[in-house]
Amino acid sequence: MTPLEDRAPTEHERWMEMALRLAERAYEEDEVPVGAVIVKDGRVLGKGYNQNEQLRDPTAHAEIIAITAAANALEDKRLEGCTMYVTLEPCTMCAGAIVLARIPVLVFGAYDLKAGACGTLYNVVEDRRLNHTVHVVPGVLDAECAGLLKAFFGAVRRLPGTE
C-alpha cells in the first residue's frame with residue numbers, strides 16, 4: 001500500500017471522485033470524459049458530464065449542465081457559497097459561466113494545456129477586472145483525471161477511420 005492509499009481522502013478528493021464517476025459515464029457514452037459536481041454545505045446541488053455529441057450542443061459541457069442543475073435546485077442564478085468540482089480545467093465558456101454564477105470556489109483535476117481558462121492559457125476566473133473572482137484549487141486527483149482523458153483520446157485515435 002502506498003502512503004496515499006493509507007490515508008483518508010480529503011474533502012476535495014471525495015467530491016472529485018464523484019466528478020470522476022460522472023466523467024467515466026461520459027466516456028461510456030463516447031463523450032469527452034469530463035464530469036462536474038456542485039456542492040453546498042456538504043450537499044450535491046448539481047452534477048453533469050459532457051453531452052456535446054448526444055445533445056448536438058457545443059455548450060453541453062459538464063460545468064454548464066451542473067450549473068443549470070444547481071441553479072434550479074437553489075431557485076437562484078447565483079451559486080454563492082457553492083464549490084464546483086470538475087475533472088478538467090474549464091474552458092473560457094465554462095470559466096465565464098462560473099464567474100456569472102458567482103461560484104466562489106473552483107476545484108479542478110487535470111490541467112488543460114490547450115483550452116484551460118483558469119490559469120493555464122487564460123485566467124478568466126481570477127481576473128480582477130470582472131465583477132466576481134473565484135478561488136481556484138488546481139490539480140486535485142490530477143493523475144486520475146488526466147489518465148481518463150488520455151485513455152479516451154488514445155482509444156479514439158485507434159478507431160478505424162480516425163487516423
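Look up: the structure comes first, before these words.
Here's what I pulled together on the structure shown here. All figures in this text were calculated on a predicted structure; none of them were measured in a lab. (Residues numbered from 1 in each chain as written. Predicted model: local features only at pLDDT ≥ 70, side-chain atom pairs only at ≥ 80, totals over all residues. Heavy atoms only, no water.)

### Remarks on the sheet that holds strand S5 (residues 135-137)
Selection rule: One bridge is not enough; two strands pair if DSSP finds at least two bridges between them. We count a stretch as a helix when DSSP gives it H or I for four or more residues in a row; a strand needs E for two or more, and each element gets its number in order from the N terminus. Here, axes are lines fitted to C-alpha atoms. For helices the fit covers the stretch in contact, and angles between N-to-C directions go from 0 to 180 degrees.
The mixed open sheet is built from five strands, whose spatial order is S2-S1-S3-S4-S5. One side of each edge strand has no neighbouring strand; the edge strands of this open sheet are strand S2 (43-49) and S5. Averaged over all adjacent pairs, the angle separating strand axes in this sheet is 20°, with direction ignored. Sheet analysis places strand S3 (residues 83-88) next to strand S4 (residues 105-110), joined by five bridges and oriented parallel.

### Observations regarding the environment of His61
To keep things clear, this is the line we draw: Contact definition: two residues touch when any of their heavy atoms are within 4.5 Å.
Note on placement: His61 falls in the loop between helix H2 (52-55) and helix H3 (62-74). For His61 and Met93, which are 32 residues apart along the polypeptide, the C-alpha to C-alpha distance reads 9.2 Å. Excluding its chain neighbours within four sequence positions, the residues that come into contact with His61 are Asn50, Asn52, Cys91, Met93 and Cys94.

### So, the pairing of strand S1 (residues 35-40)
This is how it is decided: Relative accessibility decides the category of a residue: with a 1.4 Å probe and only protein chains considered, values under 20% of the type maximum give buried, values over 50% give exposed, and everything between is partly exposed.
Counting buried positions along S1 yields five of six residues, so the element is predominantly enclosed. Two strands pair when backbone bridges link them, and S1 and S2 are joined in this way by six bridges, in the antiparallel orientation. Across the sheet, residue Val37 finds its bridge partner in S2, namely Lys47.

### Details of the packing of aromatic side chains
Inclusion rule: In summary, the pairing rule links any two rings of Phe, Tyr or Trp, Trp by its six-membered ring, whose centres are within 6.5 Å, and it sorts them by plane angle into stacked for under 30 degrees, edge-to-face for over 60 and tilted for everything else. By definition, being over a ring means that NZ of Lys or CZ of Arg is both within 6 Å of the ring centre and within 35 degrees of the ring normal.
The final tally for this structure, using the stated rule, is three aromatic pairs. Both rings, one in Phe152 and one in Phe153, keep their centres 5.1 Å apart while their planes meet at 80°; by these two values the pair is edge-to-face. The class of Phe152 is buried, set by a relative accessible area of 9%. Given the relative accessible area of 33%, Phe153 is considered partly exposed. Among the aromatic residues, ring-to-ring pairing joins Tyr27, Phe152 and Phe153 into one connected group. Sitting over the ring of Trp15, Arg14 keeps its end group 4.2 Å from the ring centre.

Without other data, these values stay purely geometric and don't point to any function.
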